[in-house]
Structure formats: structure tokens, C-alpha cells
Amino acid sequence: MSLSDILTSQIISQGPMRLDSYMTTCLLHPEHGYYTTRTPFGAAGDFITAPEISQMFGELVGLSLAQAWLNQGAPKPFSLVELGPGRGTLMADALRACSSVAGFVDAADIILLEASPALRAIQGKALTGFAPQWIDTIEDLPKQSTFFIANEFFDALPIRQFVRDGANWRERQVGLQDGALAFGLGPTQPQPALMHRIEDTKDGDLIEDCAAAAPILSILCERIKAYGGAGLVFDYGDWRTLGDTLQAIQNHAPADPLAAPGHADLTAHVDFEALLHASASCTPSRITPQGVFLERLGITPRAQALAQTLSGEALETHVAAHRRLTHPQEMGNLFKVFGIVPEGKPMLPGLDI
Ligand code: SAH
């Protein structure tokens, strides 16, 4: 039975599904889920992420966190956490770069929040020798200093979509039309959690809500506030999302999100307002373009140093990777980053308050 058949029979027996349930099933179904059945990242996969473009990304991210660790008195032991680590490349590059920071790697308990067993296995291989531990939910984070990174994690969390109808909302659902999966709208209902969006929307506007994001960030921030630490969140999105940003990507190209469940990556823009709101127990930085952040951390001299060791095609790939990560017309502006530190502590290098 394909995932499409499973979803169809579920809708026949239980009625139209919420979009967050549809996304979770497509991404994480134990047998057919997109993340459970494949390694989607890298040139051969459906999309490529910053750490897979160049080792420089993970190196600079790691060093920024290590500087924050030094600024806070080098606590030992501490949790070095990654949310949704993909192939483990970012963490591996960060640990290699941070081996030059005395005591950092030895004091780090590597903790990974990852839902996909297939990706856990790949992460374990990438991090051989570092004894990573996996957690199933963020509540399982140890109560100690916590330094974390999340790259393209929040955009993978399931969203709900609502269309404004007077002072109420109709939820966008996945149902069936002529036997095929199709979008429809549920009944008009009040949504107390969306009251703040009445002021900036009009009838017919569509907004998105990612309920899973805030609890994850709030718990990380509770640890950081109580025990020290810092965080870096990279993603693409807007301040208060408006409009449908649900995206399916298959073989590096946009696809219909309902056409091939489990075979395409599904993401949505993150709402930076909601993420900053959830970080309010700590001090978040300004939201900064990824390219600006990486330039401030010295990606260009690092790229030049690496270029000395390369020639031919490898050199061309390296130069293109530097451009791709930083140039405003590539990932440099589309992707944003913000940092989190405890109130009163120095902000992470490359960011300001
Ligand atoms: N950070 C990586 C991968 C980003 S893709 C990179 O930059 O290359 C999203 C990652 O989050 C994948 O590892 C995916 O399996 C994981 N993921 C998605 N939803 C999750 C969830 N609800 N809980 C834990 N991990 C999740």
C-alpha cells in the first residue's frame, strides 16, 4: 500500500485531515515517510543545505558557539545540541573546527534531536568517536549548560493553515475530490490563539501557525536561562507569515504538495515573530541575513585559505560554494539567523542585539 492509498483510506473513514497531520505523516510515517525512507540532502538528493554546500558553514557556526562558551566561563560539562541534524555534517565540521578551542570538545555532551531512524544511523557514522546521544523529545534535554544549533529544522515542522472569515477562521484541510487528495476548507470557527492576527489580516487572507515550534524553543531557552548557554537558529521565513508558503520539493524542483506523499520534502516558511516570542526568557539577537553573519565571522579569509589548497574543479566548486552561502541573490539574504544568549551575557559573535 502506498502512502497515498493509506491517506485516502484514512480520509474515507475519518474525514478530511488537518494539514499538520498530513505533513507529519508525509515526512515521518515509519514506513513511507520522506525523512524515514531516504537521505534527501546533498547534490544527489532533493535539496542541498548550507552545511552540505561547504564545510565552512559548520566550522564558523561551531566557532561562534565556542566563543559564547568561552564568554560564559567555559562551563563543564555542557550539552552541545543540534535539532534535526540531517547527515550530521554540520556537527562534524563544527567539532573539527572547535578542536582548537581548549577543553570545548571534551566538555561537550553531543545531543541530537532527530525523528528519523535512518538519519540517526547516518549521523552516528558522521560523528564516530564523539558518542552522540539522541533524544526523542526536547523535554529529555539534560539540565545543564546548553549550546544549540538549528539549521533548516523549524521549516520542517508541521503547520496548520487558516483562512480568515469575518472574525473567525476556516482551517485548510486535506480531503478527497474525485478520488484524489485535494485541499478544502473546514467550518468557520473561532481560533483564540489567532486573535493577534485579526489586526493585520482581512477577509480571505491565509495565515499559518506552527504550534510545534514554540515549545521546543521555550524549553531550550529555559535551560539556557537557568544554566547558561546559547543558540543559533537559521531558516527562511518572514515576520508574521501571510499567504500559503507550503512548499514541496522533489529532485531539486517544486512539486505539488499533494501529488506524491512521502516522495517530496514538505516545508513552510518560519514565522520569526513566533520564534522570537518563544525565546523571550533569554535575549535574542536581531534577525540577520546569513550572508552578513558569515562575512562578519570571516568566511572570506577562511575561503581564501582553503582555496590555497585547491585547484581545478575542486577550486571552482569551492568558489561557487562561498558565493552560494553568502551572496544576496543566493542563500545570503533568503536565509536568516538569530542568536540566543542569557540576559546580560555577550551576544554570539557575528550578531547584535
Ligand atoms: N540540519 C540539517 C537537515 C535539515 S532537514 C541540514 O542543515 O542539512 C530537517 C531535519 O529535521 C532532518 O534531519 C529531519 O529528519 C529532522 N526532523 C524533521 N522533523 C522533525 C521532528 N519533528 N523532530 C525531530 N527531527 C525532525
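Structure first, text after, so check above.
Calculation criteria
- Residues numbered from 1 in each chain as written.
- Predicted model: local features only at pLDDT ≥ 70, side-chain atom pairs only at ≥ 80, totals over all residues.
- Heavy atoms only, no water.
- Near = heavy atom within 4 Å.
- Polar contact = N/O pair within 3.5 Å; in protein donor to acceptor, adjacent residues only side chain to side chain.
- Areas by Shrake-Rupley, 256 points an atom, 1.4 Å probe, with all protein chains shown as cover.
- Nonpolar A, V, L, I, M, F, W, Y, C, P; charged D, E, K, R; others polar.
- Core = buried A, V, L, I, M, F, W, Y, C linked by side-chain atoms within 4.5 Å.
- Buried < 20%, exposed > 50% of the residue type's maximum accessible area, 1.4 Å probe, protein only.
- Helix = DSSP H or I, 4+ residues; strand = E, 2+ residues; numbered from the N terminus.
- Pairing = 2+ DSSP bridges.
- Contact = heavy atoms within 4.5 Å.
- Right-handed = clockwise from strand over helix to strand, strands pointing away.
- Expected span 1.5 Å × (residues − 1).
- Axes fitted to C-alpha atoms, helices over the stretch in contact; angles between N-to-C directions.
- Parallel < 35°, antiparallel > 145°, perpendicular 65-115°, else oblique.
- Salt bridge = Lys/Arg side-chain N within 4 Å of Asp/Glu carboxyl O.

Draft legend 1. Region of the structure containing the site of the ligand. In the vicinity of the ligand, 18 residues are found, and the nearest of them are T49, G84, G86, E114 and N151. Taking T49, its side chain carries an N or O atom lying 2.6 Å from an oxygen atom of the ligand. Measuring from a nitrogen atom of the ligand, one finds a backbone N or O atom of G84 at 2.7 Å. Bound to the protein, the ligand loses 93% of the 570 Å² it would expose on its own. Tallied by class, residues from the shell around the ligand come to 10 nonpolar, 5 polar and 3 charged.

Draft legend 2. Seen up close, the nonpolar core. In terms of nonpolar packing, the biggest core is built from 46 residues, with L80, L232 and L348 touching the most fellow members. The greatest single-element share of this core, amounting to 8 residues, is contributed by helix α5 (residues 55-71). Counting residues in each nonpolar core, the second largest holds 28 residues, with V81, A213, C221 and I340 among its members.

Draft legend 3. Examining the pairing of strand β11 (residues 247-250) more closely. Sheet topology note: the β11/strand β13 (residues 265-267) ladder contains 3 bridges and is antiparallel. If you follow Q247 over to β13, its bridge partner there is T267. Between the end of β11 and the start of strand β12 (residues 253-255), which pair antiparallel, lie 2 residues, with N251 showing a positive phi angle near 50°.

Draft legend 4. Fine view of the side chain of T49. Within the element layout of this structure, T49 appears in the loop between α3 (34-37) and α4 (50-53). The class of T49 is buried, set by a relative accessible area of 7%. Among residues more than four places away in sequence, those in contact with T49 are F41, N151 and E152.

Draft legend 5. Layout of the pairing of strand β3 (residues 108-113). Across the 6 residues that make up β3, a large majority, 5, are buried. Bridge count between strand β2 (residues 78-83) and β3: 6 bridges; the pairing is parallel. Bridging from a neighbouring strand, L83 pairs with L113 of β3. Sheet analysis places β3 next to strand β4 (residues 133-135), joined by 3 bridges and oriented parallel. Within β4, the position partnered with I111 by the bridge is Q133. In this view, the connection linking β3 to its parallel neighbour β4 by way of helix α8 (residues 117-126) has right-handed handedness.

Draft legend 6. Summary view of α5. Between its terminal C-alpha atoms α5 stretches 25 Å, which fits the 24 Å expected from 17 residues at 1.5 Å a residue. Counting buried positions over the 17 residues of α5 gives 12, a clear majority of the element. Taken as a whole, α5 has its buried residues at M56, F57, G58, E59, L60, V61, G62, S64, L65, A66, A68 and W69. Between the side-chain oxygen at the start of α5 and the backbone nitrogen of M56 there is a gap of 3.0 Å, and the oxygen is on S54. Following α5 by one or two positions, G73 adopts a phi angle in the positive range, close to 85°.

Draft legend 7. Focus on the packing of helix α12 (residues 299-307) against helix α13 (residues 312-326). Following both chains from N to C, one finds α12 and α13 inclined at 170°, their axes separated by 10 Å at the closest point. The angle between α12 and α13 places the two elements in the roughly antiparallel class. In this structure, α12 contributes I299, T300, A303, L306 and A307 to the contact, and α13 contributes L315, H318, H322, L325 and T326. In terms of residue class, the contact of α12 with α13 is made up of 6 nonpolar, 4 polar and no charged.

Draft legend 8. Spotlight on unusual backbone geometry. Here the residue pair K76 and P77 is connected by a cis peptide bond, since its omega of -10° sits within 30 degrees of zero. Residue position: P77 is located in the loop between α5 and β2. The phi torsion at R240 lies on the positive side, around 60°, for a residue other than glycine. Mapped onto the elements of the fold, R240 is located in the loop between β10 (229-238) and β11. Judged by its relative accessible area of 16%, R240 is buried.

Draft legend 9. Here's a closer look at the pattern of salt bridges. Evaluated as defined, the whole model comprises 15 salt bridges. The residue D93 makes a salt bridge to R96 at a minimum N-O spacing of 3.0 Å. Remark: R96 and D93 occur in helix α6 (residues 89-98); sequence separation between them is 3 residues, near one turn of the helix. Across the salt bridge formed by E273 and R240, the nearest N and O atoms sit 2.8 Å from each other. Pair noted here: E273 is in helix α10 (residues 272-278) and R240 is in the loop between β10 and β11, with a separation of 33 residues, a long-range link. Each member of the pair, E273 as well as R240, carries the same accessibility label: buried. Look at the salt bridges and you will find they share partners, linking R197, E199, D200, R240 and E273 into a network.

Distances and angles like these do not, on their own, reveal function.
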